[in-house]
Amino acid sequence: MAQIRGTAGYNLGPQDRFGGPGRADATNDPSPLEQLREQTSKIEEWLDNAADPIKPYIPAVGRFLIVCTFIEDALRILTQWSDQLLYLHDYRHIPWGLTHLFLLANVIAMVICSTLVIIRKYPEYAVFGLIGVVVTQALGYGLIFDLNFFLRNLSVMGGLLMVLSDSWVRKKFAPAGLPLPNEKDRKKYIQLAGRILLILLFIGFVWSGDWGIARIMVSLFGLVACVMVVVGFKAKWSAILLVVILSVFNLVVNNFWTLHEHHPHKDFAKYDFFQILSIVGGLLLLVNMGPGSFSVDEKKKVY
């Protein structure tokens, strides 16, 4: 009886001979959170196995989609050369000659840098060249204070940063002038910046347009996925969800091919369509590479 009284207050129970938990503890049901993690891990493993045949092609598809908007923009400038010159001269008050130089420099930069991104040559110069195009066009066309345009182009820059991070994973390169100590640090900082910038497009999508039940539901799922991408929790899942949402939205809303040739919104729909394609490409690179060191997913591997 003394022995029972001595242990009853401490809920010790039967102990394993090696000091582990007793048999009663070992048979306790796992918590709902543990069950959820186990199920999501199984689904992730199944998706990884199912995606094995296409995994080698995801980086190439992602890089091509990212530069689609620049290729389309270069073709649009060439096919609408006179209209572009007229707009820059009459509405932006840029002198003749400088308008020609501005357009020509943009076309050359977009074609060359896009080609370099696709063939994976000099990716650091190609990425910074395309970022320069985004900045100069925002200034030249006077759209830098347009919030929707601003968020979209920040997202495109995020996709370009994912290209840069992917190139540093594939080859050891130390670009001069960057105050980062080594390749590992460069990769994690660039991946973090790319993840944050990529989701800005969806924030602009949430705050623009008419509200309805469907839009509210899509916005809620998308915002949750955006937060998960930023913090790097189940980032691949979240990026895949955003790819699906943006792709469906792009086909339904920005279907420029259904508009008449002279429809006033045709060029805007085409521009939006290819910009969203670029952001989808950045998300595909995120799916391929993972979120990087600054993420919950990587921290869980450590602990």
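Residues numbered from 1 in each chain as written. Predicted model: local features only at pLDDT ≥ 70, side-chain atom pairs only at ≥ 80, totals over all residues. Heavy atoms only, no water.

Draft legend 1. Quick peek at the layout of surface pockets. Estimates place the volume of the largest pocket at around 790 Å³. For the largest pocket, the lining is made up of 28 residues, of which Arg76, Tyr141, Leu143, Phe268 and Tyr271 are closest to its centre. Among the elements of the structure, helix H4 (58-79), helix H5 (81-90), helix H7 (123-140), helix H8 (147-170) and helix H13 (266-289) are those that each provide at least two residues to the lining of the largest pocket. Split by residue class, the lining of the largest pocket holds 13 nonpolar, 8 polar and 7 charged. (1 Å grid on protein atoms, 1.4 Å probe; cavity = no way out; pocket = protein on both sides within 12 Å on 5 of 7 lines; lining within 4 Å. Points joined across faces, edges and corners; volume = space filled by probe spheres on them. Helix = DSSP H or I, 4+ residues; strand = E, 2+ residues; numbered from the N terminus. Nonpolar A, V, L, I, M, F, W, Y, C, P; charged D, E, K, R; others polar.)

Draft legend 2. Layout of the packing of H4 against helix H6 (residues 98-119). Across the interface, H4 lies against H6 with an axial gap of 9 Å and an inter-helix angle of 155°. In terms of their interaxial angle, H4 and H6 are classed as roughly antiparallel. Note that H4 runs across H6; the crossing there is left-handed. For the pair H4 and H6, the contacting residues are Arg63, Phe64, Val67, Phe70, Ile71, Asp73, Ala74, Ile77 and Leu78 in the first and Leu103, Val107, Met110, Val111, Ser114, Val117 and Ile118 in the second. (Axes fitted to C-alpha atoms, helices over the stretch in contact; angles between N-to-C directions. Parallel < 35°, antiparallel > 145°, perpendicular 65-115°, else oblique. Left-handed = near helix turned anticlockwise from the far one by under 90°. Contact = heavy atoms within 4.5 Å.)

Draft legend 3. Main features of the packing of aromatic side chains. A full pass over the atoms with the stated rule returns 10 aromatic pairs. With a centroid separation of 6.0 Å and an interplanar angle of 25°, the aromatic rings of Tyr87 and Tyr141 are classed as stacked. Of the two residues, Tyr87 sits in helix H5 while Tyr141 sits in the loop between H7 and H8, which places them 54 residues apart along the sequence. Among the residues examined, Tyr87 registers a relative accessible area of 33% and is labelled partly exposed. (Phe/Tyr/Trp six-rings, centres within 6.5 Å; stacked < 30°, edge-to-face > 60°. Buried < 20%, exposed > 50% of the residue type's maximum accessible area, 1.4 Å probe, protein only.)

Draft legend 4. Region of the structure containing H13. The terminal C-alpha atoms of H13 lie 35 Å apart, and with 24 residues this matches the ideal 34 Å at 1.5 Å per residue to within 8%. With 20 of its 24 residues buried, H13 lies for the most part within the structure. At the C-terminal side of H13, Gly290 shows a positive phi close to 90°. (Expected span 1.5 Å × (residues − 1).)

Draft legend 5. The confidence of the model for the protein, seen in detail. Per-residue pLDDT for the protein has a mean of 78; in total, 73% of the residues score no lower than 70. Counting interchain partners and residues more than four positions distant, the pLDDT-below-50 stretch residues 22-27 has 2 contacts. (pLDDT = per-residue confidence, 0-100.)

Draft legend 6. Layout of the pattern of salt bridges. Counted by the stated rule, this structure contains 4 salt bridges. We note a salt bridge from Arg76 to Asp73, for which the minimum N-O separation is 2.1 Å. Of this pair, Arg76 and Asp73 both sit in helix H4, 3 residues apart, which is roughly one turn of the helix. A relative accessible area of 17% places Arg76 in the buried class. Note on Asp73: relative accessible area 4%, which makes it buried. Put simply, Asp272 and Arg152 hold a salt bridge, and the shortest N to O gap is 3.7 Å. One end of the pair, Asp272, is in helix H13; the other, Arg152, is in helix H8, with 120 residues separating them in the sequence. Classification of Arg152 as buried rests on a relative accessible area of 10%. (Salt bridge = Lys/Arg side-chain N within 4 Å of Asp/Glu carboxyl O.)

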